[in-house]
Amino acid sequence: MRQIVLDTETTGLNPETGDRLIEVGCVELVARKLTGNNLQFYFNPGRASSEEALRVHGISDEFLRDKPKFAEVADELLAYLAGAEVIIHNAPFDIGFLEKELEISGRPSFRATVGQVTDTLVMAKEMYPGKRNSLDALCDRLGVDNSGRTLHGALLDAELLADVYIYLTRGQDALLIDAVPADVGVTPSVQADYRQLSLPVIEATEQEVTAHEEVLVQLDKASGGKTVWRSLSAG
């Protein structure tokens with residue numbers, strides 16, 4: 001399924017009391033790979049951002065003054081999201097704002113447009129119970145470089161979240177074998193006797209051993225120190 005990692009920035013915390021969207025950032029994944037087919041909109045919300053929100057995203061009211069209203073680009077956004085699995089960190093917050101904007105503009109609802117929603121905050125809490133699971137905390141834990149994140153931005157955060165999601169779900173990769181149709185004949189296999197075959201033992205090079213150790217360190221870091229070889233050695 002096509003996946004869209006999505007984030008938003010807003011004028012405040014509550015769409016029901018008049019706060020509005022000011023930015024939507026989307027990053028596309030196909031077969032768990034970044035495609036570069038990303039989407040970003042800034043919006044003129046028709047109201048000022050709260051001081052608290054401005055400290056978070058740093059997007060000034062003056063910058064937004066000449067940007068389109070949400071309703072002007074709503075159809076393009078919905079067409080981009082249609083049928084996709086949408087991945088969001090703390091999904092109820094972003095979806096609450098999107099649903100309100102779509103309601104105001106007379107468009108179909110967000111949940112009726114997308115294929116499904118995956119909340120990475122819920123995933124992280126299940127994987128790391130009792131730990132901080134903010135986007136910054138997950139970047140630190142999983143080794144995702146967020147050094148450029150001095151302020152929040154919807155597209156930047158969506159790009160970081162895409163990397164975090166890939167790390168969080170790395171163990172879910174499946175080896176898929178295409179099924180053979182029932183009407184396709186299968187050639188019987190021939191059994192070979194390999195008992196007299198002597199195979200050479202090829203030792204790993206120093207560089208290969210080092211590269212292998214680096215992969216193990218990354219896997220151990222991504223699992224929070226819960227890898228099997230660590231638990232067995234500790235036992």
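Sequence order as written defines residue numbering, which begins from 1 separately in each chain. The model is predicted, so local features are restricted to residues of pLDDT at least 70 and side-chain atom pairs to those at 80 or more, both for listing and for counting; the totals for chains, interfaces and linings are taken over all residues. The basis for every side-chain value is the complete set of non-hydrogen atoms in the structure, without hydrogens or water.

**A short note on the overall build of the chain**
A count of helices and strands for the chain gives 10 helices and six strands. The contacts in the chain between residues at least 6 apart in sequence include a share of 66% that link residues at least 24 apart. Residue burial considers only the protein chains on display, and all accessible areas are found by Shrake-Rupley using a 1.4 Å probe. Carbon and sulfur atoms provide 55% of the accessible area of the chain, an area that totals close to 14,400 Å². In DSSP terms, a helix is any run of H or I states spanning at least four residues, a strand is any run of E spanning at least two, and both are numbered starting from the N terminus. Residue contacts are defined here by distance: any two heavy atoms, one from each residue, within 4.5 Å place the two residues in contact.

**Section: the nonpolar core**
Counting residues in each nonpolar core, the largest one holds 25 residues, and the members touching the most others are C26, L77, L81 and F110. Mapped onto this core, the elements with two or more residues apiece are strand 1 (3-10), strand 2 (21-30), strand 4 (39-42), helix 3 (70-81), strand 5 (85-88) and helix 4 (91-104). With seven residues, the single largest contributor to this core is helix 3. Once residues within four sequence positions are removed from consideration, C26 is found in contact with I4, V5, L6, N38, L39, L77, Y80, L81 and L155. Of all hydrophobic cores here, the second largest spans 20 residues; its members include V5, M123, L161 and A162. Buried residues of nine kinds, namely Ala, Val, Leu, Ile, Met, Phe, Trp, Tyr and Cys, make up a nonpolar core once their side-chain atoms join them within 4.5 Å. When a residue's accessible area, from a 1.4 Å probe over protein chains only, is under 20% of the maximum for its type it is buried; when over 50% it is exposed; and in between it is partly exposed.

**Digging into the pattern of salt bridges**
Counted as salt bridges are all cases of a side-chain nitrogen of Lys or Arg within 4 Å of a carboxyl oxygen of Asp or Glu. Counted by the stated rule, this structure contains six salt bridges. With a closest N to O distance of 3.6 Å, D19 and R47 form a salt bridge. Here D19, found in the loop between strand 1 and strand 2, pairs with R47, found in the loop between strand 4 and helix 1 (51-57); they are 28 residues apart in sequence, far enough to count as distant. Looking at R47, the relative accessible area reads 37%, which means it is partly exposed.

**A short note on the packing of helix 7 (residues 135-142) against helix 8 (residues 154-168)**
Axis definition: a line fit to C-alpha positions, over the contact stretch in the case of helices; interaxial angles, taken between N-to-C directions, run 0 to 180 degrees. The N-to-C vectors of helix 7 and helix 8 enclose an angle of 50°; their axes lie 10 Å apart at closest approach. The angle between helix 7 and helix 8 falls in the class oblique. Crossing hand, helix 7 versus helix 8: left-handed. In this structure, helix 7 uses L135, L138, C139 and L142 to contact helix 8, whose residues at the interface are D157, L160, L161, V164, Y167 and L168. Note that Gly is not counted as nonpolar here; it falls among the polar residues with everything else outside the nonpolar set of Ala, Val, Leu, Ile, Met, Phe, Trp, Tyr, Cys and Pro and the charged set of Asp, Glu, Lys and Arg. When grouped by side-chain class, the residues that make up the contact of helix 7 with helix 8 number nine nonpolar, no polar and one charged. Roughly parallel covers angles under 35 degrees, roughly antiparallel covers those over 145, roughly perpendicular covers 65 to 115, and oblique covers all other angles. Crossing handedness follows the turn of the near helix against the far one: under a right angle anticlockwise gives a left-handed crossing, and clockwise gives a right-handed one.

**Quick word on the environment of N14**
For N14, the position within the fold is in the loop between strand 1 and strand 2. With relative accessibility at 31%, the residue N14 sits in the partly exposed group. The sequence separation of N14 and F97 amounts to 83 residues, and the corresponding C-alpha distance is 7.8 Å. Among residues more than four places away in sequence, those in contact with N14 are D19 and F97. In protein, a polar contact means a hydrogen-donor-capable atom and an acceptor-capable atom, both N or O and within 3.5 Å, with residues adjacent in sequence counting only if both atoms are side-chain atoms; elsewhere, any N or O pair within 3.5 Å suffices. Here E16 takes part through its backbone nitrogen, which lies 2.9 Å from a polar atom of the side chain of N14.

**Observations regarding the side chain of S105**
Topologically, S105 is positioned in the loop between helix 4 and helix 5 (110-113). Under the relative-accessibility criterion, S105 is labelled buried at 17%. A polar atom in the side chain of S105 sits 3.2 Å from the backbone oxygen of L102. Not counting residues up to four positions away in its chain, the partners in contact with S105 are F70, A71 and A74.

**Comments concerning unusual backbone geometry**
Among all residues except glycine, the phi angle is most often negative; among peptide bonds, the trans geometry is most common. The residue R32 is not glycine, and still its phi comes out positive at about 65°. A relative accessible area of 24% means that R32 is categorised as partly exposed. A positive phi angle, close to 65°, is found at N90, a residue other than glycine. For N90, the position within the fold is in the loop between strand 5 and helix 4.

**Looking at the packing of helix 3 against helix 4**
At a closest axis distance of 10 Å, the pairing of helix 3 and helix 4 adopts a crossing angle of 115°. Judged on the interaxial angle alone, helix 4 and helix 3 are roughly perpendicular. Where helix 3 crosses over helix 4, the handedness of that crossing is left-handed. On the side of helix 3, the interface is formed by F70, L77 and L78, while helix 4 contributes L98, E101 and L102. Residue composition of the contact of helix 3 with helix 4, by class: five nonpolar, no polar and one charged.

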